Amino acid sequence: MNGIWTVLLLICSNIFMTFAWYGQLKLSQINPSVKDWPLILVILMSWGVALLEYCFMVPANRIGSQINGGPFSLVQLKVIQEVVSLVVFTVFVVLLFKGESFHWNHFISFGCLVLAVFFAFLK
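Residues numbered from 1 in each chain as written. Predicted model: local features only at pLDDT ≥ 70, side-chain atom pairs only at ≥ 80, totals over all residues. Heavy atoms only, no water.

1. Notes on the packing of helix α3 (residues 74–96) against helix α4 (residues 104–121)
Axis separation between α3 and α4 bottoms out at 9 Å; the angle between their running directions is 155 degrees. In terms of orientation, α3 and α4 fall into the roughly antiparallel class. The handedness of the crossing between α3 and α4 comes out as left-handed. Contact residues: Q76, V79, I80, V83, L86 and T90 in α3; F110, L113, A116, V117, A120 and F121 in α4. Its residues placed into classes, the contact of α3 with α4 shows 10 nonpolar, two polar and no charged. (Axes fitted to C-alpha atoms, helices over the stretch in contact; angles between N-to-C directions. Helix = DSSP H or I, 4+ residues; strand = E, 2+ residues; numbered from the N terminus. Parallel < 35°, antiparallel > 145°, perpendicular 65-115°, else oblique. Left-handed = near helix turned anticlockwise from the far one by under 90°. Contact = heavy atoms within 4.5 Å. Nonpolar A, V, L, I, M, F, W, Y, C, P; charged D, E, K, R; others polar.)

As structure tokens, then:
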């Protein structure tokens, strides 16, 4: 059950992080005046969102880590996090950035990451 909670927390964490990193780009598409905001304001806004990311990431790592009795090694946790991050990012781009498109090489790179998960869990 800790493994499931870990993955769910990582998904939540990555949703917030994706919004922290790329949400301001969507915001400037919706409201062009955002492009005129001082960079420090955009950074502070992103930090506020990223704080929520940490509220999910830290518990995910604590629950999931073998160090604390969880099911995953540190390498496995990191590989899971990277794949979750890519999946969340892909959904984010497809739903919010209609002008972006995916090509064959993107799908090949995604496949390589899936293979990374396979190899990370190989005994």
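2. What about the packing of aromatic side chains?
Within the structure shown, the criterion is met by 10 aromatic pairs. Look at F16 and F56: their rings are 5.6 Å apart centre to centre, the planes differ by 10 degrees, and that puts the pair in the stacked class. One end of the pair, F16, is in helix α1 (residues 2–30); the other, F56, is in helix α2 (residues 39–64), and 40 residues separate them in sequence. Given the relative accessible area of 26%, F16 is considered partly exposed. We classify F56 as partly exposed; its relative accessible area is 25%. Considering the side-chain rings of F118 and F119, the 5.2 Å spacing of their centres and the 70 degrees angle between planes classify their relative orientation as edge-to-face. (Phe/Tyr/Trp six-rings, centres within 6.5 Å; stacked < 30°, edge-to-face > 60°. Buried < 20%, exposed > 50% of the residue type's maximum accessible area, 1.4 Å probe, protein only.)

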